[in-house]
Amino acid sequence: MDIVTRPRILVVGAGFAGVECVRRLERRLTPGEAELTLVTPMSYQLYLPLLPQVASGVLTPQSIAISLRRSEKYRTRIIPGGAIGVDLRAKVCVIRTIAGETVDEPYDYIVLAPGSVTRTFDIPGLTDHAFGLKSLAEAAYLRDHVISQLDLADACSDPAERASRLQFVVVGGGYAGTETAACLQRLTHAAVERYPRLDPGLIKWHLIDIAPKLMPELGEKLGRSAQEILTRRGIEISLGVSIAKAGAEEVTFTDGRVVPTRTLIWTAGVVASPLIGTLDAETVRGRLAVNADMRLPGYDGVFALGDSAAVPDLAKGDDAVCPPTAQHALRQGRHVAENVIASLRGRQTRPYMHQDLGLVVDLGGKDAVSKPLGYELHGLPAQVVARGYHWSALRTGVAKTRVMTNWLLNAVAGDDFVRTGFQAHRPGNLRDFEYLDAYLTPEQVRAHVEEAGRAAR
C-alpha cells in the first residue's frame, strides 16, 4: 500500500493510557495498515505511582522513566512537544514542539490521552510557593529542597529560622499526599542522624486534607490503620482543614493556625489536561464525555481515555465513571487500541469494562496498607502486595531490574542524602513546572488552523 494513503493515527500523551495504546497498535497493525504518531514532550513513560519514592531517594529517577525507544519493534514516530489545541472538524492537532515552534499535525484517527495536571484553587500565594509532585523533575527538585532545608537549618544561628526550615506541610490526604508525607518523613528521620547539631524533635511534618477521612477509598479500617501508622511516626494529621494563604516563610491554615515553614507540598488532586478545554466538547467535571467504547459522540475517529476522559464505569453501573488511576489507564489503553483497529477495519467497537483489582498504598519501610480484590492487609504483607503490584506493572525488564535493585540497595545500605544542585539554578514551584499558559482557546485553535490552510493554498 502506498505510504501516502495510509490512515494516520495520532496518539496524544505518553502516560499509561497512551503508551499501552501505541504498543498494542504496533503489535496488531501491519506497517502498511496505518501511520502511527505519538505526541509527547518526553520520550519516556513515567511510572507515576512511584514518584514519592524518587522524591525520598529510595528510587533513582531513571528507574521509573521507561524509554519509548527501547523496543526493537518500535516504529511509531514521536513528535517531541505538547498538544495545545485540537480542531475536531478539520481533524488537525496543533502542537508546540520543545523547540518552541507551533506545527499542525493532521490525522484520520486521534486518541486523546493527555493525562492530568495538578488541581489548584484560588488561594493567595499557592502557585508561587507550593511544590507539586506530578513529574520527574518535580520529584528530583523536591528531594533537593528537603535535604537543603536540613543543611540550611544546620548552618543557621537563628532559632526561629531553624524551626521554620524543619517544618514541612503536605496538602492532600489521598494516595499521592499520604505516600509523599510518609516517604519524605522517613527521609528526614534518617537524615537527621547525620546532623548532630540538629534536634530531631524540631522536625515536624503536617498532613492536612479538607476531607473528613484519610484515603476514604480504602475503607474505614484501613484508612484508620494508615492514619495510626503516620501518627505513630510523628506526622501531625489534620482533617477538615486546608490552606487559606501561602507565603515564602509561613502557611496559614483555614482553621486559623499559622505554621512557619519553607516547604509546602500540594498534592490535593488532579484535573484533566487543559487540552480538553480546547475541544469545545461536552465534559463531565472537566473530563471529556465519551461513550463506553471511549469514542467522542458526534465525531468520527476521535477517542479519549485515561485521566482526561469520563469513561463510563460499567462494572459499577449507574452514572459512575472510571477513576483516574493507573490500573484503569493501562487497560483502557489496550482496549481503545482494539477499538481503533476495529474502526479502521470496519468492525464493531466494544465497550470498556474492568472490575477494580483493589488499592495499594506504600508508606515506606515495612509499612503499607493494601486492599487487593477486597482483602484488607496492613504491615509487611501489604507491603509485599504493594511493591509486587508496582513491580509487575513496570513495562520493561530493564525497569523492573533497576527498581528491584534500588529497593534492595536502599534496604541494605540506606541513603547518602546527596543533593544534585537543581536548586542553585531556578525556582521549582507549581507555576514553573506545568506550563498551563501554553494552551489555546477553541477560537484560537480554529483561527490558527484556518490561517494555516490559507497559507498552504
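Predicted, not measured: the structure shown is a model, and the values here were computed from it.

Draft legend 1. How the structure looks around the packing of aromatic side chains. With the rule as written, the count across this model stands at 4 aromatic pairs. Ring centres of Phe16 and Tyr47 lie 5.3 Å apart, and the angle between their planes is 85 degrees; this geometry places the pair in the edge-to-face category. Note that Phe16 is positioned in helix α1 (residues 16–28) and Tyr47 in the loop between β3 (44–46) and α2 (51–55), a separation of 31 residues in sequence. Assigned by exposure class, Phe16 and Tyr47 land together as buried. Between the NZ or CZ atom of Lys400 and the centre of the ring of Trp391, over which it lies, the distance is 5.1 Å.

Draft legend 2. Focus on a nonpolar patch on the surface. Side chains of Leu357, Leu373 and Tyr375 sit close together on the surface and give an oily, nonpolar patch of about 350 Å² of accessible area. With respect to the element layout, Tyr375 can be found in the loop between β24 (368–372) and β25 (377–378). The exposure class of Tyr375 is exposed, given its relative accessible area of 60%.

Draft legend 3. Looking closely at the environment of Gly219. Residue position: Gly219 is located in the loop between β12 (204–209) and α7 (220–232). Assessed through its relative accessible area of 24%, Gly219 is described here as partly exposed. In sequence terms Gly219 and Lys371 are 152 residues apart; their C-alpha atoms lie 9.2 Å from each other.

Draft legend 4. Focus on the sheet that holds strand β14 (residues 243–246). Ordered by their spatial adjacency, 3 strands build an open sheet running β14-β15-β16, and the pairing between neighbours is antiparallel. Single-partner strands in this sheet number two, and they are β14 and β16 (258–260). When strand polarity is set aside, the average angle formed by the axes of neighbouring strands in this sheet is 20 degrees. Pairing between β14 and strand β15 (residues 250–253): 3 bridges, direction antiparallel.

Draft legend 5. Region of interest: helix α9 (residues 380–393). Look at α9: 20 Å from first C-alpha to last across 14 residues, which is about the 20 Å you get at 1.5 Å a residue. For α9, the set of buried residues is Ala382, Gln383, Ala386, Arg387 and His390. Buried residues in α9, looked at end-on, bunch into an arc of 120 degrees, giving them a common side. Close packing links the buried residues of α9 with α2, β23 (358–362), β24, β25 and α10 (397–413).

Draft legend 6. Representation of the nonpolar core within the structure. In this structure, Leu25, Ile64, Val86, Ile110 and Leu112 are the most contacted members of the largest nonpolar core, which totals 108 residues. Among the elements that make up this core, the one with the highest residue count is helix α4 (residues 136–155) (8 residues). For Ile64, the contacting residues outside a window of four places in its chain are Gln45, Leu46, Tyr47, Leu50, Leu51, Val54, Leu59, Leu136 and Val403. Among the nonpolar cores identified, the runner-up in size contains 16 residues, and Ala130, Val171, Phe253 and Trp266 belong to it.

Draft legend 7. Structural detail: the sheet that holds strand β5 (residues 77–87). In space, the 7 strands of this open sheet follow the order β7-β6-β5-β2-β1-β8-β21, with mixed pairing throughout. Edge positions in the open sheet fall to β7 (102–106) and β21 (302–304), since each of these has one partner strand only. Across this sheet, the average inter-strand angle for adjacent strands is 35 degrees, counted without regard to direction. Looking at chain direction, β5 and strand β6 (residues 92–97) are connected through 6 bridges and run antiparallel. In the sheet register, Gly82 faces β6, and the bridge partner there is Arg96. Running over the sheet, α1 touches β1 (8–12), β2 (35–40) and β8 (109–112) and is turned about 155 degrees from β1.

Draft legend 8. Inspection of the environment of Pro114 at higher detail. Position of Pro114 among the secondary structure elements: in the loop between β8 and β9 (116–118). On a C-alpha basis, the gap between Pro114 and Ala309 in space is 9.5 Å, while along the polypeptide they are 195 residues apart. Pro114 has contacts with Val12, Gly13, Ser273, Leu275, Ile276 and Ser308, leaving out every residue within four places of it along the chain.

Draft legend 9. The packing of α9 against α10, seen in detail. Direction vectors running N to C along α9 and α10 enclose 150 degrees, while the axes themselves pass 9 Å from each other. What the angle tells us is that α9 and α10 run roughly antiparallel. Of the two elements, α9 crosses α10, and the hand of that crossing is right-handed. Touching Arg387, Trp391 and Ser392 of α9 are Lys400, Met404 and Trp407, all from α10.

Draft legend 10. Looking closely at the pattern of salt bridges. Applying the stated criterion across every chain, the model contains 21 salt bridges. Between Arg24 and Glu338 there is a salt bridge whose closest N-O contact spans 3.0 Å. Taken together, the residues Arg24 in helix α1 and Glu338 in helix α8 (residues 326–344) connect sequence positions 314 residues apart. Where Glu220 meets Arg224, a salt bridge forms, and the shortest distance between an N and an O atom there is 3.6 Å. A residue pair is termed a helical-turn pair when its members lie 3 or 4 positions apart in one helix, as Glu220 and Arg224 do in helix α7 at 4 residues. For Glu220, a relative accessible area of 47% gives the class partly exposed.

Draft legend 11. α10, seen in detail. The terminal C-alpha atoms of α10 lie 24 Å apart, and with 17 residues this matches the ideal 24 Å at 1.5 Å per residue to within 8%. Of the residues making up α10, those classed as buried are Ala399, Val403, Asn406 and Trp407. Along the long axis of α10, the arc covered by the buried residues comes to 95 degrees, so they all point the same way. Exposed residues lying more than 90 degrees from the buried face of α10 are Leu408, Leu409, Val412 and Ala413. The inward-facing, buried residues of α10 contact α2, β4 (65–67) and α9. Immediately downstream of α10, the backbone of Gly414 shows phi near 75 degrees, a positive value.

Draft legend 12. Looking closely at the packing of α4 against helix α6 (residues 175–191). Across the interface, α4 lies against α6 with an axial gap of 11 Å and an inter-helix angle of 35 degrees. Our pair here, α4 against α6, has a crossing hand that is right-handed. Contacts between α4 and α6 involve Leu142, Arg143, Val146, Ile147 and Leu150 on the former and, on the latter, Leu184, Leu187, Thr188 and Ala191. Split into classes, the residues belonging to the contact of α4 with α6 amount to 7 nonpolar, 1 polar and 1 charged.

Calculation criteria
The residue count restarts for each chain, going from 1 along the sequence in the order it is written. Only residues with pLDDT of at least 70 get local features here, since the model is predicted, and only at 80 or more are side-chain atom pairs given and counted; chain-wide, interface and lining totals rely on the full set of residues. Only hydrogens and water are set aside; all other atoms, that is, all heavy atoms of the structure, feed into the side-chain values. Ring pairs are drawn from Phe, Tyr and Trp, using the six-membered ring of Trp, whenever the two centres fall within 6.5 Å, and their geometry is named by plane angle: stacked under 30 degrees, edge-to-face over 60, tilted for the rest. Helix numbering and strand numbering both begin at the N terminus, where a helix is a DSSP run of H or I of at least 4 residues and a strand a DSSP run of E of at least 2. Each residue's exposure class comes from its accessible area (1.4 Å probe, protein chains only) as a fraction of the maximum for that residue type: buried when under 20%, exposed when over 50%, partly exposed otherwise. Lysine NZ or arginine CZ positioned within 6 Å of the ring centre and within 35 degrees of the ring normal marks a charge as sitting over the ring. Residues enter patches when their relative accessible area tops 30% and they take part in no salt bridge; the joining distance is 9 Å for like charges and 5 Å for the nonpolar side chains Val, Leu, Ile, Met, Phe, Trp and Tyr. Where accessible areas are quoted, they stem from the Shrake-Rupley method and a 1.4 Å probe; at the residue level, only the protein chains shown are allowed to cover. In what follows, salt bridge is the name for a side-chain nitrogen of Lys or Arg lying within 4 Å of a carboxyl oxygen of Asp or Glu. Two strands are said to pair when DSSP picks up at least two bridges between them. Lines fitted to C-alpha atoms define the axes, with helix axes restricted to the stretch in contact, and inter-axis angles between N-to-C directions lie between 0 and 180 degrees. Here a helix's expected span is defined as the number of its residues, less one, multiplied by 1.5 Å. The arc in question is traced by the directions running from the helix axis to the C-beta atoms. Residue contacts are defined here by distance: any two heavy atoms, one from each residue, within 4.5 Å place the two residues in contact. For the purposes of this section, nonpolar cores are sets of buried Ala, Val, Leu, Ile, Met, Phe, Trp, Tyr and Cys residues that join through side-chain atoms within 4.5 Å. The cut-offs work like this: below 35 degrees is roughly parallel, past 145 is roughly antiparallel, 65 to 115 is roughly perpendicular, and the gaps in between are oblique. Handedness of a crossing is defined here by the sense of rotation of the near helix relative to the far one, left-handed for an anticlockwise turn of less than a right angle and right-handed for a clockwise turn. Note on residue classes: Ala, Val, Leu, Ile, Met, Phe, Trp, Tyr, Cys and Pro are nonpolar, Asp, Glu, Lys and Arg are charged, and everything else, Gly too, is polar.

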